[in-house]
Amino acid sequence: MLRTLFVVVLIAPLLVCVIGSDPIVLDKFGVSATLNCNTTATVTWEKDDVNLNMSLTDKYQLGDNAVLTVFDVQVADTGSYICRHDTSSIEFELQVQAYVVNKLPVSKNLIEGDSYTLRCSGQGSLNGLVVQWLKDFAPLELSDHLLMIGTDDNHTQELTFNKARMEEESGDYQCDVRNDYGNASLSITIRVKDKLAALWPFLGICAEVAILCLIIFIYEKKRNKDEDDDEGPAENMKNTNDHKEQEVRQRNIKS
């Protein structure tokens with residue numbers, strides 16, 4: 001008797017993971033990000049093997065169409081997020097591009113021999129994060145007069161001008177911050193002036209006053225001389241008239 005034997009082979013479900021082509025990049029920390037799984041099915045959101053659906057707090061909010069909102073994004077919130085449904089999933093990458101935290105004046109005037117310190121602080125996703133100072137968009141040539149000190153995390157670089165020199169330290173300096181997702185920079189113009197530079201305006205004013213006084217003195221002296229010349233003939237004429245009157249009186253007495 002011929003018997004038919006049926007063999008059932010159980011095949012494990014295939015897990016399909018789709019990775020987004022481009023990361024979601026924010027311009028700074030402290031803002032919100034929206035990750036859209038775009039499905040009406042019930043999904044589970046995960047980050048670092050943690051089920052976010054089970055820990056929805058003020059940090060996360062799950063909306064319609066499997067949209068996950070991440071509030072107040074910080075360094076710990078960057079990385080991969082997985083939207084999982086049955087045997088398939090979609091992976092999202094959330095990152096923050098590098099940006100400059102501090103502010104810089106447009107320019108700064110120094111007197112030769114002055115000391116001055118500039119600070120460059122940057123933030124962003126840690127992947128490839130670099131904070132540096134440049135001069136004219138080129139690497140700095142450090143010396144005893146130009147020092148750079150970084151913090152332990154290298155997210156802040158202090159540039160110190162030690163007894164600044166006119167020609168060597170004058171120029172345009174850039175606070176440059178960059179990571180794998182973008183870069184930003186701020187510029188400041190440093191002008192180092194001669195030690196006597198502050199005296200030149202004062203000396204100029206003194207010279208102008210001296211010249212003005214000299215002009216007034218010469219003018220007054222010339223005017224006084226002209227007055228003396230005008231009074232001379234008049235005085236002589238008066239003396240002549242007085243002499244003639246005296247002679248007439250003497251004649252009248254004799255007669």
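Residues numbered from 1 in each chain as written. Predicted model: local features only at pLDDT ≥ 70, side-chain atom pairs only at ≥ 80, totals over all residues. Heavy atoms only, no water.

A word on the packing of aromatic side chains
For the coordinates displayed, the defined rule picks out three aromatic pairs. Here Phe29 and Tyr99 contribute two aromatic rings whose centre-to-centre distance is 6.4 Å and whose plane-to-plane angle is 65 degrees, an arrangement assigned as edge-to-face. One end of the pair, Phe29, is in the loop between strand S2 (24-26) and strand S3 (33-36); the other, Tyr99, is in strand S10 (residues 99-100), and 70 residues separate them in sequence. Note on Phe29: relative accessible area 10%, which makes it buried. With a relative accessible area of 15%, Tyr99 lands in the buried category. A centroid spacing of 5.2 Å and a plane angle of 85 degrees characterise the contact between Phe161 and Tyr173, whose relative ring orientation is edge-to-face. Of this pair, Phe161 sits in strand S16 (residues 156-161) while Tyr173 sits in strand S17 (residues 171-179), and the two are 12 residues apart along the sequence. Neither Phe161 nor Tyr173 differs from the other in exposure class; each is buried. It is Lys47 that lies over the ring of Tyr81; its NZ or CZ is 5.6 Å from the centre. (Phe/Tyr/Trp six-rings, centres within 6.5 Å; stacked < 30°, edge-to-face > 60°. Helix = DSSP H or I, 4+ residues; strand = E, 2+ residues; numbered from the N terminus. Buried < 20%, exposed > 50% of the residue type's maximum accessible area, 1.4 Å probe, protein only. Lys NZ or Arg CZ within 6 Å of the ring centre and 35° of its normal.)

Quick notes on the sheet that holds strand S12 (residues 116-123)
With antiparallel pairing, four strands are arranged side by side in an open sheet as S10-S12-S16-S15. Looking at which strands have only one partner, the edges of the open sheet turn out to be S10 and strand S15 (146-150). Across six bridges, the pairing between S12 and S16 is antiparallel. Within S16, the position partnered with Ser121 by the bridge is Thr156. (Pairing = 2+ DSSP bridges.)

Let's talk about the pairing of S15
Pairing of S15 with S16 involves five bridges; the strand directions are antiparallel. Across the sheet, Leu146 pairs through a bridge with Phe161, a residue of S16. In sequence, S15 turns back onto S16 through a hairpin of five residues, with Asn154 there showing a positive phi of about 60 degrees.

Comments concerning the sheet that holds S17
The pairing of strands in a sheet comes from backbone hydrogen bonds and takes either a parallel or an antiparallel form. Spatial strand order, S11-S18-S17-S13-S14: five strands in an open sheet with mixed pairing. With one partner strand each, in any of the chains shown, strand S11 (107-111) and strand S14 (138-139) form the two edges of the open sheet.

Some words on the nonpolar core
Counting residues in hydrophobic clusters, the biggest one holds 20 residues, and the most contacted among them are Leu118, Trp133, Leu159, Phe161, Tyr173, Val177 and Ile190. At the level of elements, S12, strand S13 (130-135), S16, S17 and strand S18 (182-193) are the ones that each hand at least two residues to this core. Counting residues in each nonpolar core, the second largest holds 19 residues, with Leu68, Val70, Phe92 and Val96 among its members. (Core = buried A, V, L, I, M, F, W, Y, C linked by side-chain atoms within 4.5 Å.)

Focus: the side chain of Thr160
Relative to the assigned elements, Thr160 resides in strand S16. The class for Thr160 is buried, based on a relative accessible area of 19%. Excluding anything up to four places from it in sequence, Thr160 contacts Tyr116, Thr117, His145, Leu146 and Leu147. (Contact = heavy atoms within 4.5 Å.)

A word on the side chain of Asn102
Tracing the chain through its elements places Asn102 in the loop between S10 and S11. Taking relative accessible area as the criterion, Asn102 reaches 16% and is therefore assigned buried. Among the polar contacts listed, one links the side chain of Asn102 to the backbone oxygen of Arg119, at a separation of 2.6 Å. At 2.7 Å, the side chain of Asn102 and the backbone nitrogen of Ser121 are in polar contact. Other than its neighbours up to four places away in sequence, Asn102 contacts Arg119, Cys120, Ser121, Cys175 and Leu186. (Polar contact = N/O pair within 3.5 Å; in protein donor to acceptor, adjacent residues only side chain to side chain.)

Some points on unusual backbone geometry
At Asn38, a residue that is not glycine, the phi angle is positive and equals roughly 55 degrees. Along the chain, the position of Asn38 falls in the loop between S3 and strand S4 (44-47).

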